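Commentary on secondary and tertiary structure
Chain residues, written in single-letter form:
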Amino acid sequence: MKKIFVFAATLFAFHFSLFTFSPALAQEEPHVRKGWTFGLLPSVAYDADLGLQYGALTNIYYFGDGSTYPEYLHSFYAEAAYTTKHFGIFRFAYDSKYLIPNHRLSIDLTYLPDQMCDFYGFNGYPAHYNAAYSTQGDDEYITRAYYKYRRDLFRFSADLQGEISKPWYWNVGLGLLNFNVGPVDVARLNKFTKNEDKYLPDTVTLFDRYVDLTLIRADEASGGAHPYLHGGITFDTRDRQQNPRRGIHADAFLTYYAGLGNMSGYNNLKFNAAWRHYVPIIENRFTFAYRIGTQLNVSGECPFYLNTYINQLYMQRVVYEGLGGANSVRGIMRNRILAPGVAFANIELRTQLFKFNVGKNQFYVGLNPFLDAGMVVQSYYAVVNDPEKIILRPIDDAYTIDPSCLDDSRLHDLHLGAGCGLKVAMNDNFVLSVDWATAFDKQDNGKFSNLYIKMGYMF
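Values in this document were obtained by computation on a predicted structure and should not be read as measured data.

Points about the nonpolar core
- Ranked by internal contacts, the top residues of the largest apolar core, which has 39 residues, are Phe-119 and Phe-304.
- For this core, the secondary structure elements donating two or more residues are strand E9 (148-165), strand E10 (168-182) and helix H3 (206-212).
- Each residue touching Phe-304, except ones within four places of it in the same chain, is listed here: Phe-119, Phe-122, Tyr-149, Phe-207, Ile-216, Glu-220, Leu-338 and Tyr-380.
- Ile-310, Val-329, Phe-344 and Val-376 belong to the second-largest nonpolar core, a separate cluster that totals 11 residues.

What to know about the pairing of strand E21 (residues 430-439)
- Taking burial as the measure, the 10 residues of E21 include 9 buried ones, the bulk of the element.
- When strand E20 (residues 415-426) meets E21, the two strands line up antiparallel, connected through 10 bridges. Its bridge partner lying in E21, Val-424 is registered against Leu-432.
- Taking the residues that link successive antiparallel strands as the turn, the E20-E21 hairpin has 3 residues, and the phi of Asn-427 there is positive, at about 55°.
- For E21 and strand E22 (residues 450-455), the ladder comprises 6 bridges, and the chain directions are antiparallel. Bridge pairing in E22 links Val-434 to Ile-453.

A look at a nonpolar patch on the surface
- Nonpolar side chains collect at one region of the surface, where Ile-281, Ile-282, Phe-288, Ile-347, Leu-371 and Phe-440 lie side by side and expose about 540 Å² of accessible area between them.
- On the secondary structure map, Ile-282 appears in strand E13 (residues 268-282).

Let's talk about the packing of aromatic side chains
- Counted under the stated rule, the structure contains 29 aromatic pairs.
- A connected cluster of aromatic rings, assembled from ring pairs, spans Phe-119, Phe-122, Tyr-149, Phe-179, Phe-207, Tyr-210, Phe-304, Tyr-305 and Tyr-380.
- Of note, Arg-350 hangs over the ring of Phe-459, and the distance from its end group to the ring centre comes to 4.8 Å.

Observations concerning the environment of Tyr-77
- Among the secondary structure elements, Tyr-77 is positioned in strand E5 (residues 74-83).
- In sequence terms Tyr-77 and Arg-91 are 14 residues apart; their C-alpha atoms lie 7.7 Å from each other.
- If we ignore the near neighbours within four places in the chain, the residues touching Tyr-77 are Leu-57, Thr-58, Asn-59, Arg-91, Phe-92 and Ala-93.
- At 2.5 Å, the side chain of Tyr-77 and the side chain of Glu-79 are in polar contact.

Remarks on the side chain of Thr-234
- The topology assignment puts Thr-234 in strand E11 (residues 223-236).
- Residue classification places Thr-234 among the buried positions, given a relative accessible area of 1%.
- Side-chain polar atoms of Thr-234 contact the side chain of Asn-171, separated by 2.8 Å.
- What Thr-234 contacts, discounting residues up to four positions off in sequence, is Gln-161, Pro-167, Trp-168, Tyr-169, Asn-171, His-249, Ala-250, Asp-251 and Leu-313.

Structural notes on the pattern of salt bridges
- One pass over the full model with this rule turns up 23 salt bridges.
- Residues Arg-238 and Asp-236 are paired through a salt bridge, measuring 2.9 Å at the closest nitrogen-oxygen approach.
- When its relative accessible area of 15% is taken as the criterion, Arg-238 is described as buried.
- When the shortest N-O distance is used, the salt bridge between Asp-441 and Arg-410 registers 2.8 Å. With Asp-441 in the loop between E21 and E22 and Arg-410 in the loop between strand E19 (398-401) and E20, the pair connects residues that are 31 residues apart, well separated along the chain.
- Accessibility expressed as a relative area gives 30% for Arg-410, which makes it partly exposed.
- One network of salt bridges, with partners in common, ties together Asp-114, Asp-118, Lys-148, Arg-151, Glu-321 and Arg-334.

A word on the side chain of Asp-251
- Tracing the backbone through its elements, the reader meets Asp-251 in strand E12 (residues 247-257).
- On the basis of relative accessible area, Asp-251 is assigned to the buried category, the value being 10%.
- For Asp-251, the side chain forms a polar contact with the side chain of Arg-276, separated by 3.3 Å.

Focus on unusual backbone geometry
- Cis peptide bonds are those with omega within 30 degrees of zero, and the linkage from Lys-166 to Pro-167 qualifies with 10°.
- In this structure, Pro-167 sits in the loop between E9 and E10.
- The residue Asn-243 is not glycine, and still its phi comes out positive at about 50°.
- Along the polypeptide, Asn-243 turns up in the loop between E11 and E12.
- Classification of Asn-243 as buried rests on a relative accessible area of 11%.
- Within the chain, Asn-335 stands out as a residue other than glycine whose phi angle is a positive 65°.
- Mapped onto the secondary structure, Asn-335 falls in the loop between strand E14 (286-300) and strand E15 (341-351).

Criteria and thresholds
Residues numbered from 1 in each chain as written. Predicted model: local features only at pLDDT ≥ 70, side-chain atom pairs only at ≥ 80, totals over all residues. Heavy atoms only, no water. Core = buried A, V, L, I, M, F, W, Y, C linked by side-chain atoms within 4.5 Å. Buried < 20%, exposed > 50% of the residue type's maximum accessible area, 1.4 Å probe, protein only. Helix = DSSP H or I, 4+ residues; strand = E, 2+ residues; numbered from the N terminus. Contact = heavy atoms within 4.5 Å. Pairing = 2+ DSSP bridges. Patch = residues over 30% accessible without salt bridge, like charges linked within 9 Å, V, L, I, M, F, W, Y side chains within 5 Å. Areas by Shrake-Rupley, 256 points an atom, 1.4 Å probe, with all protein chains shown as cover. Salt bridge = Lys/Arg side-chain N within 4 Å of Asp/Glu carboxyl O. Phe/Tyr/Trp six-rings, centres within 6.5 Å; stacked < 30°, edge-to-face > 60°. Lys NZ or Arg CZ within 6 Å of the ring centre and 35° of its normal. Polar contact = N/O pair within 3.5 Å; in protein donor to acceptor, adjacent residues only side chain to side chain.

Laid out in structure tokens, this is it:
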């Protein structure tokens, strides 16, 4: 744990040195940015589910004459990174409210290869989690890859927002999600392992068993390409786009997915809604922030891997996983809650305990206690009524029903995680976030402590 906090402090110090000594940022007015700001920064983070991230990124802002600061006129973002748990990030993004007058245009082009994507079955709690299966041992069925599969995602989106009448806005967009999924490529991963004792055994995983039992059907077991269209409305009274202190940001929209090639039968319509509210308790010191959201399958057939993705009206982050993990329900394992329809909530108290200036840069340090929750609202099937479609465990290479999985009484129970974050912010646009979280139930995570070191607030 000590090494992790040393890593976080080093990361912030490095970013601070770049911002402090960058000529592009040296303006006459200490609290207003003008013109272009840019710099090549390390893409370094830590995630309890993804491991240590390393790479490089650049975020280029153009503020013009500074009259819109802290909002930018144009933003260009590029990142290339990888993690120690075999997750990759390759992304370019553009965002502006001024390229098309009175409209916000967001473009995203991303490739996310994931050699060890988390898969814990369907429906949350009814999919029994056995922590012993995810450890390496002498038993041929026990492997670090048991609750994993391979999932590579290529994403393109172009989204446009226009004003109806403040604070109401309309949104339209189109894009493509192309998933390439399959079993973990054990042979490839073992090439990167020098110690033969740590080689992954080539054995059956939970993903393999879902495919064998046709819980994951053959035509969806390798992924597919899905162009989409979406449209909706936004209500936005926030005082600022970055790190708001007051106001409401709510949206509701529909997304229609089509299927290409052998996925042509998987056309579906999804509904998303989210309400984000920022309530000042003590001006510029304490803010109560919460988010409530849902994603529902309205009609049509949806392949399982599309349910691991939470739709957005426009891209602000790199990853939008299903429920569980750093971007949705902290302390819960990534993708632990996988179902056609889900709901989630996040509650935070954002504080600014200390404020100070270093040169022309403003800083604050704060603590951020939080409570996160997620739940299933639309399930894949009735577990008790179809016991053959239960999470199975291997015994002597045969399928045996795990009795702990036969009860679906917890199907709609809340999955809860809680913790506290340390925030160190510079000039409002740069926030180092160190969050510690734990799950309330061991079925959601076998580890008590889960650490996430990233940039910015969750929402």
